[in-house]
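# Report on the structure
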Amino acid sequence: QDKQHSASWIASLLTFWLTILKEVKWKIPRMIRSAISFPHRGCGMNFMLNAVSRHMHTDPSRQKLKDAKRVVVKVGTAVVANSDGTMSLSRMGALVEKLRELKLQGREVLLVSSGAMGLGRQSLGLSKEVVGNPDNIIDRQACAAAGQELLMSMYHMMFSRLDVRCAQVLITQEDFVSRQRYMHLTDTLDKLTSLGTIPIINENDVVTGGARGEQVFSDNDKLSAILAAGADADGLALLTDVEAVFTKPPGEPGAERIKIYKEADTVEIGAKSGMGRGGMAAKITAARVAARGGVATCIASGYDLENITKVFGGLDVGTYFEPDTRPNKRQRWLTLATECVGKLIVGAKFREALERGTDPTLYVSDLIGVSGSFPVRSVISLIDEDGHEFARGITQKKSAEIKDALPTSAGKQHSTFTTVHVVIQPSDILLLG
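Residues numbered from 1 in each chain as written. Predicted model: local features only at pLDDT ≥ 70, side-chain atom pairs only at ≥ 80, totals over all residues. Heavy atoms only, no water.

## Focus: the overall build of the protein chain
Looking only at helices and strands, the protein chain features 18 helices and 14 strands. Of all 433 residues assigned to the protein chain, the portion counted as buried reaches 48%. Within the protein chain, counting contacts between residues at least 6 apart in sequence, those at least 24 apart form 73% of the total. Accessible area for the protein chain stands at about 20,900 Å²; split by element, carbon and sulfur atoms hold 54% of it. (Helix = DSSP H or I, 4+ residues; strand = E, 2+ residues; numbered from the N terminus. Buried < 20%, exposed > 50% of the residue type's maximum accessible area, 1.4 Å probe, protein only. Contact = heavy atoms within 4.5 Å. Areas by Shrake-Rupley, 256 points an atom, 1.4 Å probe, with all protein chains shown as cover.)

Below is the structure:
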């Protein structure tokens, strides 16, 4: 009889909780979710912290983050995966719910998510040493292929539970270097967000192998910064494995959080993250790139997913990077998304004309020298005689033709290219601020 009573009691309890879960659409209660997503703090402590955060005052200097209509959230490998390479379901679930909350606030949301290679490594049974070696390109590409499917499947399942659509977008740096592909990409992102869909973006390591080179992002921090600037985002949250930018590695004596980053700030960089490619130096560089593109940016901890709410609530969390005045889209492409493959040393008269706003054409006769080897329609740096870059442009001629036609080579005979020919059209020249 006691056994029957116990079984009846257990059945009633299970029925009760199944009813509760059905009513809340299988959401994990906020208090439990917070404790799971930040496991080294107690459940009660998280409950109190969340309650306090709702009553924290907005930092006036971060109003642009609070007002941001289109936002980009970047999460690293350490956020979506555990230290052993397995998927962190609790943190991913909390992340998905936080992104849904941003959408319910009327914002357009884009997610840049690392983690595919790490998850694929664990799935395929390869060692960290093998996959961590950039020379093992095929192994890394195989891991990226296996891991990306796992990552997107989980994101799709979790977002679907909350009635949110998502879409996979895989890109390489070459998609930014080509202006046509850059425009196609940003137009696609515009369309997806207008349809209420969250694009989930990652570098296509299946074709790049995650190796370093001209057409490979050094990390997803840089990718998210350039993407945020190119996609007209208003705010960017770079979520990482530390709470903010500190004057020196956290944990060392005298380390202090930098609340608002200034160019004059001195930061002592320590060892980079264990599973990802980007350390703190990469995150600072990326945040500065985004800020130059007119995007209000914050570096904060991704272990506590409440930080997403805090960052875009304008609260004093992490390290804030104040945005510059937003350049136009062409300027952003030339200065942020492209890599200069050569340099043209230009005389003072041309620079003066450019700074006066007369939109001068750059002729071979304006040049003093050429550095590098590049084809037609390459993005190059215009530098003065002291070596300072003052402009960028897209060449009409390849480097060999320009070198051959320089005034110093005037004794040579040229039938198709002379010093009166154009090197860069006015519409392809951008004066740097």
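## With respect to the pairing of strand E11 (residues 379-383)
Most of E11 sits inside the fold, with five of its five residues counted as buried. Neither face of E11 is left uncovered, since the one carrying Val379, Ser381 and Ile383 and the one carrying Ile380 and Leu382 both have all their residues buried. Taken together, the three bridges between strand E8 (residues 343-346) and E11 define a ladder with parallel strand orientation. Note on E11: the bridge partner recorded for Leu344 is Leu382. As paired elements, E11 and strand E12 (residues 389-394) share five bridges and run antiparallel to each other. Across the sheet, Ile383 pairs through a bridge with Glu389, a residue of E12. Where E11 folds back onto E12 in an antiparallel hairpin, the turn is made up of five residues, including Gly387, whose phi is positive at roughly 90°. (Pairing = 2+ DSSP bridges.)

## Examining the confidence of the model for the protein chain
Taken over all residues, the pLDDT of the protein chain has a mean of 82, while the share at 70 or more is 79%. Confidence drops under a pLDDT of 50 for residues 22-49, and excluding neighbours within four residues, the segment shows 38 contacts in the predicted structure. Low pLDDT, under 50, characterises residues 51-55; the predicted model gives this stretch three contacts beyond four residues in sequence or across chains. (pLDDT = per-residue confidence, 0-100.)

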